[in-house]
Amino acid sequence: MDSGKLKKELDSVVLYFQQSLQKIQTWKASTGVLEDLEVYVPSWGQMQKIQSLWNISLLDSQTLKIESWDKSVLPHIEKWIYDSGLGFTPVNQWDWIMVKIPPMTEERRKEIAKLVKKELEEMKIRVRKIRHDFLKDIKNQFDEKEITEDQKKQFEWELDDKVKEYNKKLDEIAKVKEDEIMKL
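Everything in this summary refers to the structure shown in the same document.

Conventions used here
- Residues numbered from 1 in each chain as written.
- Predicted model: local features only at pLDDT ≥ 70, side-chain atom pairs only at ≥ 80, totals over all residues.
- Heavy atoms only, no water.
- Helix = DSSP H or I, 4+ residues; strand = E, 2+ residues; numbered from the N terminus.
- Buried < 20%, exposed > 50% of the residue type's maximum accessible area, 1.4 Å probe, protein only.
- Contact = heavy atoms within 4.5 Å.
- Areas by Shrake-Rupley, 256 points an atom, 1.4 Å probe, with all protein chains shown as cover.
- Phe/Tyr/Trp six-rings, centres within 6.5 Å; stacked < 30°, edge-to-face > 60°.
- Lys NZ or Arg CZ within 6 Å of the ring centre and 35° of its normal.
- Salt bridge = Lys/Arg side-chain N within 4 Å of Asp/Glu carboxyl O.
- Pairing = 2+ DSSP bridges.
- Axes fitted to C-alpha atoms, helices over the stretch in contact; angles between N-to-C directions.
- Parallel < 35°, antiparallel > 145°, perpendicular 65-115°, else oblique.
- Nonpolar A, V, L, I, M, F, W, Y, C, P; charged D, E, K, R; others polar.

This part covers the overall build of the chain. Within the chain, the secondary structure is distributed over five helices and six strands. The linear arrangement of helices and strands in the chain, starting from the amino end, is α-α-β-β-β-β-α-β-β-α-α. Within the chain, the proportion of its 184 residues that are buried is 36%. The long-range fraction of contacts in the chain, counting pairs at least 24 apart against all pairs at least 6 apart in sequence, stands at 61%. Carbon together with sulfur atoms contributes 53% to the accessible area of the chain, which is approximately 11,500 Å² in total.

Written out as structure tokens, the structure is:
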């Protein structure tokens, strides 16, 4: 069993989970809320991916500031944010757009906490798939007589320990996010 490869694959699941949770709106502003959305706007005579035309920064814990290198796309960005269904109301300041993050209601907090749990379950499924693939590799090595039965058992125990360790990490990350969401 290649423990380096296992660690790399499990670390990638944890990293992906952390990045996906950054995009979930909480009570404070985060540039990740808008960064990875697939949106195109007209600029310089063709459709451009919106992320290539703007810079997002934080003005304070409740406000995003969006600046564009091409000022002619600001109305398109403003309209897209308004129509996105994210619940934001952009305010065009002529050369930049201000987006206030609205405070969350208790109902919205519970919805978002459910999203976190759903995302956590998807990550645990990925971890189980990785575990399954490694168990298959261990079995194949044993069947090909590359490892002994004692080594097979040892590798399986090591694999199960790593999987438990990474599931615990995922649970802890989700708990921190849920606490952040539910905080008043």
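Once you've had a look at it, read on.
The next subject is the packing of aromatic side chains. For the structure shown, the criterion picks out zero aromatic pairs. It is Arg 126 that lies over the ring of Tyr 16; its NZ or CZ is 4.4 Å from the centre. Sitting over the ring of Phe 142, Lys 152 keeps its end group 5.3 Å from the ring centre.

Along the chain, the position of Glu 156 falls in helix H5 (residues 149-182). Overall, the relative accessible area of 18% leaves Glu 156 in the buried class. Dropping the residues within four chain positions of it, Glu 156 is found in contact with Leu 135 and Ile 138.

What follows covers the environment of Trp 94. Mapping Trp 94 onto the fold places it in the loop between strand E5 (89-92) and strand E6 (96-100). We classify Trp 94 as exposed; its relative accessible area is 78%. For the pair Trp 94 and Leu 74, spaced 20 residues apart in the sequence, the C-alpha separation amounts to 8.1 Å.

What follows deals with unusual backbone geometry. Here Trp 94, not a glycine, exhibits a phi torsion of approximately 80 degrees, which is positive. Within the chain, Lys 145 stands out as a residue other than glycine whose phi angle is a positive 65 degrees. Locating Lys 145 in the fold gives a position in the loop between helix H4 (106-143) and H5.

Moving on: the pattern of salt bridges. Scanning the model with the defined rule gives 10 salt bridges in all. As a salt-bridge pair, Asp 143 and Lys 139 come within 2.9 Å of each other at their nearest N and O atoms. Here Asp 143 and its partner Lys 139 are both found in helix H4, four residues apart, which amounts to about one turn of the helix. The exposure class assigned to Lys 139 is partly exposed, which follows from its relative accessible area of 46%. Glu 156 is the partner of Lys 152 in a salt bridge, and the nearest nitrogen-oxygen pair spans 3.6 Å.

A few words now on the pairing of E6. When strand E4 (residues 63-68) meets E6, the two strands line up antiparallel, connected through five bridges. Bridging from a neighbouring strand, Ile 66 pairs with Ile 97 of E6. Relative to E6, E5 is paired through four bridges, and the arrangement is antiparallel. Pairing of Pro 90 across the sheet is with Val 99, part of E6. Count of turn residues in the E5/E6 antiparallel hairpin: three residues, of which Trp 94 carries a positive phi of about 80 degrees.

Relative to each other, helix H1 (residues 3-22) and H5 sit at 10 degrees, their axes nearing to 11 Å. Judged on the interaxial angle alone, H5 and H1 are roughly parallel. Here H1 contributes Leu 6, Lys 7, Leu 10, Asp 11, Val 13, Val 14, Phe 17, Gln 18, Leu 21 and Gln 22 to the contact with H5, which in turn contributes Leu 159, Lys 162, Tyr 166, Lys 169, Leu 170, Ile 173, Ala 174 and Lys 177. Within the contact of H1 with H5, the residues separate by chemical class into 11 nonpolar, two polar and five charged.

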